[in-house]
Amino acid sequence: MSRGWSRAKLGDVCRVVPGFAFKSSDWTDHGIPVVKIKNIRGDSSVDLTEVDCVPESLLTPKLQKFVLKDGDILVAMTGATAGKVGKLRAQRPVLLNQRVAKIEPVGAHPEFVWAIVSTEECQRTFFHLADGAAQPNMSGSQIEGVEVPLPPLPIQRRIGSILSAYDDLIDNNTRRITILEEMARALYREWFVHFRFPASAQATAGRPGHEQVKLVDSPLGKIPEGWEVVSFVEVADVLSGGTPSTKVSEYWDGSIPFFTPRDATYLFYVGETEKSITELGLENCSSQLYSKDTVFITARGTVGKVVMPPVAMAMNQSCYALRGNAGIDQLYVFLLTLDQVDYLKRNTGGATFDTIVVETFRRMRVVRPSIQLISDFAALVRPAFEFTQALAAKNTNLRATRDLLLPKLISGEIDVSALDIAAQEATA
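Residues numbered from 1 in each chain as written. Predicted model: local features only at pLDDT ≥ 70, side-chain atom pairs only at ≥ 80, totals over all residues. Heavy atoms only, no water.

Asks: Lay out the sheet that holds strand S8 (residues 94-96) with the relevant residues and their values.
Replies: Reading across from one edge, S4-S3-S8-S5 is the order of the 4 strands in this open sheet, with mixed pairing throughout. Lying at the two open borders of the sheet, with one neighbouring strand each, are strand S4 (52-54) and strand S5 (67-68). (Pairing = 2+ DSSP bridges. Helix = DSSP H or I, 4+ residues; strand = E, 2+ residues; numbered from the N terminus.)

Asks: Before we move on, can you summarise the packing of aromatic side chains with the specific residues and values?
Replies: Considering all chains together, one arrives at 22 aromatic pairs under this definition. Taken together, a centroid distance of 5.0 Å and an interplanar angle of 35° make the contact between Phe 259 and Phe 296 tilted. Separated by 37 residues along the polypeptide, Phe 259 in strand S15 (residues 252-259) and Phe 296 in strand S17 (residues 295-298) bring together distant segments of the chain. Each residue in the set Tyr 188, Trp 191, Phe 192, Phe 195, Phe 197, Trp 227, Tyr 332 and Phe 377 is aromatic and connected to the rest through ring pairs, giving one cluster. The lysine or arginine in question, Lys 36, covers the ring of Trp 27, its NZ or CZ lying 4.0 Å from the ring centre. (Phe/Tyr/Trp six-rings, centres within 6.5 Å; stacked < 30°, edge-to-face > 60°. Lys NZ or Arg CZ within 6 Å of the ring centre and 35° of its normal.)

Asks: Now, about the sheet that holds strand S9 (residues 100-105): what can you tell me, with residues and values included?
Replies: Pairing is antiparallel across the open sheet formed by 4 strands, whose spatial order is S2-S9-S6-S7. Of all strands in the sheet, those with a lone pairing partner are strand S2 (14-18) and strand S7 (85-87), marking the two edges. The mean angle between the axes of side-by-side strands here comes to 25°, regardless of whether they run parallel or antiparallel. Sheet topology note: the S2/S9 ladder contains 5 bridges and is antiparallel. Across the sheet, residue Pro 18 finds its bridge partner in S9, namely Ala 101. Against the sheet, helix H2 (residues 110-117) touches S2, strand S6 (73-76), S7 and S9, its axis set at about 145° to S7. (Axes fitted to C-alpha atoms, helices over the stretch in contact; angles between N-to-C directions. Contact = heavy atoms within 4.5 Å.)

Given below as structure tokens:
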């Protein structure tokens, strides 16, 4: 450790505030969003795309200490994700649920505190606080007892400034990805839900626009003439996965990404997986090597997460892989599946876990337009999908560089004392 640095307990420079225990009767679909453990993702972010809410009338002065703001540092205190931390990005009031805690810096620079607690080492330390029980748990006082390095405040500011520059770039790229994805989904709904599709851009193709096509009756209501109501399995094949034996080490830690529901994100593409398998592992499991742009949907436990891999991947038995039939483009299959998620969630089975089975897809009726219209649509949205992949790859590289720098900075191995960096003066 560098000269002038000391060690302190996290509680000496931060206040740990566990969340509020809302009643089950408080939950609604609308109102003030509440961060639960499920919203703390494993990539240092807090996902608010699927969030439970409570009525605004509950926000009394008693609950003000549980109101979160943009940039707050959160840690999961219970369950398989205990110890995972995330930084909140929110432009509206958000509340904190029980078993999630806010780490509030009071005597250290906030970005330096974030740098410390977001290291893999610190998150492992948090997790071990909760270890040793069927349902891991940790307390606020245990979190406050964790020792951390503490350089002088000017050094904290410089380290925080360097690392926050990476975080800002990642956030900016993520916002651009989100906008592109929203545009693609909006265009899908315009063409295939509201039936406002344009005529073919090529006059010789002769495909009419919606103004030239009358609506006719169907089992799903009015649809454009020539379109069909079919089972989902007539649009896409539903394929399964499998896990090689975890007792055979030769099957694991190879070059093939191995997708599980834990890897699913709220973005279209998943480029990183926690686990990987070898060629031998692939030969000894029920999963195929699914190509780029195969649609993965989680089907057991956390059901209805829909993503695509940007590279070939295998997957476990808690997911299905969807591949378009008869030339139906994968981008259309992906957006169609996203649009059907609510139906799939409403029609789960299983005694212990919510489960989607192949029969669920067979029963699901969807509207199938012409192949020409699907191809025209895919050609229109493909550049947006490709750009989101490029931005996601940039974020992967930025995170890798940040993670390489982080331990060297917070250990003092890289001396930043002489750097001329304009850093924020705030300490809390």
